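Breakdown of the fold
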Amino acid sequence: KLEAGQMPLHLEQGDVLPYLRYLTLSFRSYAQMQKLGLHFLSGQEKIVMDYDPEKLVNILSNLLSNAIKYTPEGGDIYVQVDKMPAIPDSSSRTGTTEVLQIRVRDTGIGIPPDKLPYIFDRFYQNKPNAAFTSDSRQPGEGTGVGLAIVHELVKLMEGDIQVKSREKEGTEFIIHLPITRKATPALSSEPSDIDFLTKAFLPPATEEVELPDLEKQMAAADNRPSALLIDDDPDILTYLQLTISDHYRTETAADGAEGWEKALAIIPDIVISDVLMPRLNGLDLCSRLK
Ligand code: ATP
Ligand code: MG
């Protein structure tokens, strides 16, 4: 589709920062499973611009899954998002004055300098010499199209991508996307639930929670049916909350016993529960609730 020019951009105007933070944090469980730290950083409070949400998912997922795949246990991955003046050089594309910069950095195995020029090529994988190893336990068990797609998508958005890497030290991908503000703003100008929730479980950084909006959201929330989410994995709870909070008021509990108490207290419209949990498991909880 990309090659045939059959992949149009669907631009929306809005604050791209909470969206990128949400995308990044949705990889946190996966990173934690590999014993990796995943960090989202930004010096900005807000970056309003035109962006195509689907293309950004694609780009960030590819870069993050690579970073996770090619970073040994105990390492760290940083996603840093900033706004900066465009470099007014000759090849400068849309004549915009500002660019969005997305940096994805890891402390992983790195890429040898002689391989760097090829990593955006389709089907390219930096595998160890196949003649010497019949080992299929390679971390890179993909197809080698991830970065080629990222590259094409960045070009489609009239941006650029660079890579810096040092073997055994880590790799950094730096993307620049021109900032325009021409598209229709996304439906609501209120901070979305995603915005609100992702802020809620991050350290305050440079941002402050705006109380009036929070109150408004609470008030609006009251018309929604209530859902009680029960799981002993806090990441799953956060993920579920993000997923359904447009439609449900959510309460959470960390195991079956707490879930039982909360269910009696709030009589939710629906309960979504894990099965294997300490104290009271999901099956016993289910029959008790019934
Ligand atoms: P796919 O993405 O199709 O599942 P893949 O991850 O192997 O497969 P690409 O994402 O295109 O393919 O990456 C190409 C190659 O670049 C990888 O095989 C790997 O050798 C190297 N590479 C990409 N990202 C990193 C990284 N963060 N650290 C080290 N090497 C990397
Ligand atoms: Mg990949």
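Residues numbered from 1 in each chain as written. Chains lettered and ligands numbered in written order. Predicted model: local features only at pLDDT ≥ 70, side-chain atom pairs only at ≥ 80, totals over all residues. Heavy atoms only, no water.

1. With respect to the sheet that holds strand 10 (residues 270-273)
Pairing in this open sheet of three strands is parallel, and the strands run 9-8-10 from one edge to the other. Looking along the sheet, the strands with just one partner apiece sit at the ends: strand 9 (249-253) and strand 10. Taken over all neighbouring pairs, the strand axes of this sheet differ in orientation by 20° on average, direction set aside. Bridging between strand 8 (residues 226-230) and strand 9 involves five bridges; their strand directions are parallel. Its bridge partner being in strand 9, Ala227 is matched across the sheet by Thr250. (Pairing = 2+ DSSP bridges. Helix = DSSP H or I, 4+ residues; strand = E, 2+ residues; numbered from the N terminus. Axes fitted to C-alpha atoms, helices over the stretch in contact; angles between N-to-C directions.)

2. Observations regarding the packing of helix 8 (residues 256-266) against helix 9 (residues 282-289)
A pair of packed helices can be characterised by two numbers: the angle between their axes and the separation between those axes. Contact geometry of helix 8 with helix 9 gives a least axis separation of 9 Å together with a crossing angle of 20°. Relative to helix 9, the element helix 8 lies roughly parallel. At the point where helix 8 passes helix 9, the crossing takes the right-handed sense. Residues Gly256, Gly259, Trp260 and Ala263 of helix 8 form the contact with helix 9, whose own contacting residues are Leu285, Arg288 and Leu289. (Parallel < 35°, antiparallel > 145°, perpendicular 65-115°, else oblique. Left-handed = near helix turned anticlockwise from the far one by under 90°. Contact = heavy atoms within 4.5 Å.)

3. What to know about the packing of aromatic side chains
Across all of its chains, the model carries two aromatic pairs by this definition. Aromatic side chains Phe120 and Phe173 sit 6.2 Å apart centroid to centroid with 75° between the ring planes, which places their arrangement in the edge-to-face category. Of this pair, Phe120 sits in the loop between strand 5 (98-106) and helix 4 (146-156) while Phe173 sits in strand 7 (residues 170-178), and the two are 53 residues apart along the sequence. Each member of the pair, Phe120 as well as Phe173, carries the same accessibility label: buried. Stacked on the ring of Trp260, the Lys or Arg Arg288 has its end atom at 5.2 Å from the ring centre. (Phe/Tyr/Trp six-rings, centres within 6.5 Å; stacked < 30°, edge-to-face > 60°. Buried < 20%, exposed > 50% of the residue type's maximum accessible area, 1.4 Å probe, protein only. Lys NZ or Arg CZ within 6 Å of the ring centre and 35° of its normal.)

4. Brief notes about the site of ligand 1
In the region of ligand 1, 19 residues are neighbours, and Asn66, Asp106, Gln125, Gly144 and Leu147 sit closest. Residue Gly146 places a main-chain N or O atom 3.3 Å away from an oxygen atom belonging to ligand 1. A distance of 2.8 Å separates an oxygen atom of ligand 1 from a polar atom in the backbone of Leu147. Protein burial of ligand 1: of its 590 Å² of free accessible surface, 93% is covered by the chains. Put simply, the parts of the chain that give the shell around ligand 1 at least two residues each are helix 3 (53-69), helix 4 and strand 7. Sorting elements by how many residues they give to the shell around ligand 1 places helix 3 first, with three residues. Here the shell around ligand 1 is built from residues that sort into eight nonpolar, nine polar and two charged. (Near = heavy atom within 4 Å. Polar contact = N/O pair within 3.5 Å; in protein donor to acceptor, adjacent residues only side chain to side chain. Areas by Shrake-Rupley, 256 points an atom, 1.4 Å probe, with all protein chains shown as cover. Nonpolar A, V, L, I, M, F, W, Y, C, P; charged D, E, K, R; others polar.)

5. Re unusual backbone geometry
One non-glycine residue, Lys168, lies in the positive phi region at around 65°. As for its position among the elements, Lys168 is in the loop between strand 6 (160-166) and strand 7. With relative accessibility at 77%, the residue Lys168 sits in the exposed group. Of note, the phi angle at Arg279 is positive, near 70°, even though the residue is not glycine. By the secondary structure assignment, Arg279 is in the loop between strand 10 and helix 9.

What is shown is where atoms sit, not what they do.
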